Amino acid sequence: MADTATLMDSYTEMTELLLPNDTNNLGRALGGVVLHWMDICGAIAAMRFCGNQCVTASMDHVDFISPIDRGEVAVVEAFVFETGRTSIDVKVNVRAEDPRKGEERETTTSFFTFVALDENGTPTPVPNLDCPDENQQALRDSAREERLQQLQNVVDRID
Ligand SMILES: CCCCCCCCCCCCCCCC(=O)SCCNC(=O)CCNC(=O)[C@H](O)C(C)(C)COP(=O)(O)OP(=O)(O)OC[C@H]1O[C@@H](n2cnc3c(N)ncnc32)[C@H](O)[C@@H]1OP(=O)(O)O
């Protein structure tokens, strides 16, 4: 295993077209479908980062900010912003694009923790996160802040 890996080593973008099978009766993306895309994209980012099989240990709160409509393109992006000994924190963001108008909007963001496993299925150490330029440092810092803010918003809402 390498001692370090960069945020950009993990960067992953997936593009999906919202087809009728993945929609509800309003022609909008089912929440579970969006979560599935986010899980897969986040897992790929984590596995690219550490070079091992990873499993999802947790997913933070998820707000569905705006719908994705049938025929729109969903762009799912993920990158590692924090590491533990065997765990990897990944920000996953989804935006919708209307391919006819070229417009896009934010739809969903959440933060996942993946755990790297060795060949025996036991948690195994992961590289340290390296952010060698200002762009990667800014992505890491804003993801850390946004995660805390999102969790704080949930607490405020139920207080
Ligand atoms: C490149 C190679 C390709 C290989 C080939 C690819 C094949 C392409 C397959 C594609 C695959 C797609 C994958 C999709 C992702 C799934 O869908 S995975 C399926 C759903 N997830 C699961 O089934 C996981 C079930 N849970 C577990 O197995 C265990 O609870 C875990 C997560 C392995 C942790 O086990 P544990 O015994 O608690 O381990 P422990 O040593 O105590 O803790 C290990 C770390 O986990 C953290 N942790 C434990 N529980 C939690 C929690 N609830 N929340 C946050 N962190 C936690 C601990 O804090 C610790 O972190 P570190 O301090 O080490 O950084």
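Residues numbered from 1 in each chain as written. Predicted model: local features only at pLDDT ≥ 70, side-chain atom pairs only at ≥ 80, totals over all residues. Heavy atoms only, no water.

This next bit is on helix α3 (residues 134-158). With 25 residues, α3 ought to run about 36 Å at 1.5 Å a step, and its terminal C-alpha atoms sit 36 Å apart, in line with that. Every buried residue of α3 is accounted for by Gln136, Arg140, Ala143, Arg147 and Gln150. Its side-chain oxygen 3.1 Å from the backbone nitrogen of Asn135, Asp133 forms the N-cap of α3. (Helix = DSSP H or I, 4+ residues; strand = E, 2+ residues; numbered from the N terminus. Expected span 1.5 Å × (residues − 1). Buried < 20%, exposed > 50% of the residue type's maximum accessible area, 1.4 Å probe, protein only. Polar contact = N/O pair within 3.5 Å; in protein donor to acceptor, adjacent residues only side chain to side chain.)

Thr56, Arg85, Thr86, Ser87 and Val115 are the nearest of the 17 residues found near the ligand. Within the backbone of Ala57, one N or O atom sits 3.5 Å away from a nitrogen atom of the ligand. The contact in question runs from an oxygen atom of the ligand to an N or O atom on the side chain of Ser87, over 2.6 Å. When the ligand sits alone it has 1,300 Å² of accessible area, and the protein chains cover 45% of it. (Near = heavy atom within 4 Å. Areas by Shrake-Rupley, 256 points an atom, 1.4 Å probe, with all protein chains shown as cover.)

In this structure, Trp37, Ile68, Ile88 and Val90 are the most contacted members of the largest nonpolar core, which totals 29 residues. Mapped onto this core, the elements with two or more residues apiece are α2 (31-50), β5 (73-83), β6 (87-98) and β7 (103-117). Ranked by residues supplied to this core, first place goes to α2 with 10 residues. Filtering out sequence-adjacent residues up to four positions away, Ile88 remains in contact with Ala46, Phe49, Cys50, Cys54, Val80, Glu82, Phe112, Thr113, Phe114 and Val126. One finds Phe81, Phe111, Cys131 and Ala143 within the second-largest nonpolar core, a separate group that totals 6 residues. (Core = buried A, V, L, I, M, F, W, Y, C linked by side-chain atoms within 4.5 Å. Contact = heavy atoms within 4.5 Å.)

Glancing now at the UniProt feature "domain: HotDog ACOT-type" (unreviewed entry) in the protein chain. Using the residue numbers shown here, the UniProt feature "domain: HotDog ACOT-type" (unreviewed entry) corresponds to residues 8-120. Secondary structure over residues 8-120 splits into 20% helix and 47% strand, and the C-alpha atoms at its two ends are 28 Å apart. (UniProt positions renumbered as here; feature names shortened; annotations may be inferred.)

Moving on: the pattern of salt bridges. Here the structure, examined in full by the defined rule, presents 11 salt bridges. Across the pair Arg144 and Glu82 runs a salt bridge, and its minimum N-O distance is 3.0 Å. Taken together, the residues span a long stretch of sequence, with Arg144 in helix α3 and Glu82 in strand β5 at a distance of 62 residues. On the accessibility criterion, Glu82 (25% relative accessible area) is partly exposed. In this structure, Asp89 and Arg147 form a salt bridge, with 3.2 Å as the shortest nitrogen-oxygen distance. On the criterion of sequence distance, the pair formed by Asp89 in strand β6 and Arg147 in helix α3 is long-range, its members being 58 residues apart. A relative accessible area of 12% means that Asp89 is categorised as buried. Classification of Arg147 by relative accessible area gives buried; the value is 15%. (Salt bridge = Lys/Arg side-chain N within 4 Å of Asp/Glu carboxyl O.)

For a regular strand, side-chain orientation follows a simple rule: the groups alternate between the two sheet faces. Most of β7 sits out of view: 11 of its 15 residues are buried. Pairing geometry for strand β3 (residues 53-59) and β7, over 6 bridges, is antiparallel. Following the sheet pairing, Thr56 is matched in β7 by Phe114. The pairing of β6 with β7 spans 12 bridges and is classified as antiparallel. Within β7, the residue paired with Val90 across the bridge is Phe112. Here β6 folds back onto β7, and the loop between the two strands holds 4 residues, one of which, Gly102, carries a positive phi near 70°. (Pairing = 2+ DSSP bridges.)

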